Amino acid sequence: YTFADYLMWRFKERVELIKGKVLKMSPAPAPIHQKISFRFSGIFYNYFKNRSCEVFSAPFDVRFSNKDGSTNTVVQPDLSVICDHTKIDDKGCIGAPDLIIEILSPGNSKKELSLKYNLYEEYGVLEYWMVHPLEKSIQIFVLENGKFIGKRPITEDDTVISYTFQNLSFTAKEIFDNL
C-alpha cells in the first residue's frame, strides 16, 4: 500500500503503514500512557516555545519516502520534534523528525522495539526515545554514522538529557511520579 491508499482508508481502528504493510495500532492508550505523553508535551512545549523547532503529538502522520519518491510508510509517533519546517505540510511531516518519542503499550512493544527502531534508524531520526511506563524507564538512542547507539537506560531517579538539543534536561521523576 501507499500513502495515497492510507488517505482513503476509513478504518474504525487507527493504523500505521510500514513499508507498504498495514499494522493496527493499539486500542486507545491507557491512562498511564496518556499521562506520560501529556507530561512530555508540557516539558517539550516549555523548552521549544521560543525556539525554531516544533513539537507534535499523536495522532500526527510522519511519512517516509522511498528512494524513488513513493511513500509507503506512515507512522504516528507519540511525540515528534521537527526543526526543518519544509518537512511540515497540511498532512503532517514528510521525512525524519529530529527527535521521536514512543511510549510502549502492552500491545505495541514488539513493533516499537523492532520495526520502528529499524525504520527510524534507516530514515535518519537523530534521537529516538523509547519510554517503558511499567518499568519507569527511558531508553535513548542517538544516530551516529547512520546507526543508533543506545545510551545508558534512564530510571526514575535519573536526569533525562537530550543529546540533540542543548539544555533540554529534566528529571525522570517529572515523567513517572505518582503513576
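Located above this text is the structure these notes cover.
Our subject in this report is the structure included herewith.

About the thresholds
- Residues numbered from 1 in each chain as written.
- Predicted model: local features only at pLDDT ≥ 70, side-chain atom pairs only at ≥ 80, totals over all residues.
- Heavy atoms only, no water.
- Salt bridge = Lys/Arg side-chain N within 4 Å of Asp/Glu carboxyl O.
- Helix = DSSP H or I, 4+ residues; strand = E, 2+ residues; numbered from the N terminus.
- Buried < 20%, exposed > 50% of the residue type's maximum accessible area, 1.4 Å probe, protein only.
- Expected span 1.5 Å × (residues − 1).
- Arc of directions from axis to C-beta.

### Remarks on the pattern of salt bridges
For the structure on display, the rule yields 7 salt bridges. Between Arg 63 and Asp 89 there is a salt bridge, with the nearest N and O atoms lying 2.6 Å from each other. Linking Arg 63 in strand β4 (residues 62-65) with Asp 89 in strand β7 (residues 88-89), this pair joins segments that are 26 residues apart in sequence. Since its relative accessible area comes to 5%, Arg 63 is described here as buried. Put simply, Glu 102 and Lys 116 hold a salt bridge, and the shortest N to O gap is 3.0 Å. Here Glu 102 is found in strand β9 (residues 99-103), whereas its partner Lys 116 is found in helix α3 (residues 109-123), with 14 residues between them in sequence. By relative accessible area, Glu 102 is classed as buried at 2%.

### Description of helix α2 (residues 31-48)
Helix length check: α2, at 18 residues, gives a terminal C-alpha distance of 25 Å against a target of 26 Å (1.5 Å per residue), a fit within 8%. Of the positions making up α2, those classed as buried are His 33, Ile 36, Ser 37, Phe 40, Ile 43, Phe 44, Tyr 47 and Phe 48. Projection of α2 onto a plane perpendicular to its axis shows the buried side chains occupying an angular sector of 130°, all on one side. Facing away from the buried side of α2 by more than 90 degrees, the exposed set consists of Pro 31, Phe 38 and Tyr 45.

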